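Below are the chains, spelled out letter by letter.
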Amino acid sequence: MTHFPHNPERGDVPGWVLITLMTAGLVVVIWAVAGPALSGVFESAINRVVTM
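The structure displayed is predicted, hence computed values, not measured ones.

K.L.:
Tell me about the overall build of the protein, and please be specific about residues and values.
P.N.:
Looking only at helices and strands, one finds one helix and zero strands in the protein. When each of the 52 residues of the protein is scored for burial, the buried share is 0%. Summed over its atoms, the accessible surface of the protein is roughly 5,300 Å², and 73% of this surface lies on carbon and sulfur atoms.

Here it is, written out as structure tokens:
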């Protein structure tokens, strides 16, 4: 078994995976909560532009 010396530039892969998964989870939750409201705002704006 080969022992590799600690390389400070290697990074923390599990930490980045956790951050990525947490960010994706937050996006899904925010989208689920705010999606209908944003859809209503978008439709209202489109209707105002079309009726002008």
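K.L.:
I'd love a proper account of helix 1 (residues 13-50), names of residues and values included.
P.N.:
One full turn of an α-helix is made of 3.6 residues, so residues set three or four places apart face in the same direction. At Ala 34, helix 1 is deflected by roughly 50°, the largest bend along its length, and proline Pro 36 occurs up to four residues later in sequence. Little of helix 1 sits out of view: just zero of its 38 residues are buried.

K.L.:
Run through a nonpolar patch on the surface, naming residues and quoting values.
P.N.:
A cluster of nonpolar residues, Val 13, Val 17 and Leu 21, forms a patch on the protein surface that exposes about 280 Å² of accessible area. On the secondary structure map, Leu 21 appears in helix 1.

Procedures and definitions
- Residues numbered from 1 in each chain as written.
- Predicted model: local features only at pLDDT ≥ 70, side-chain atom pairs only at ≥ 80, totals over all residues.
- Heavy atoms only, no water.
- Helix = DSSP H or I, 4+ residues; strand = E, 2+ residues; numbered from the N terminus.
- Buried < 20%, exposed > 50% of the residue type's maximum accessible area, 1.4 Å probe, protein only.
- Areas by Shrake-Rupley, 256 points an atom, 1.4 Å probe, with all protein chains shown as cover.
- Bend = angle between axes of the 7 residues up to and from the residue.
- Patch = residues over 30% accessible without salt bridge, like charges linked within 9 Å, V, L, I, M, F, W, Y side chains within 5 Å.
- Salt bridge = Lys/Arg side-chain N within 4 Å of Asp/Glu carboxyl O.

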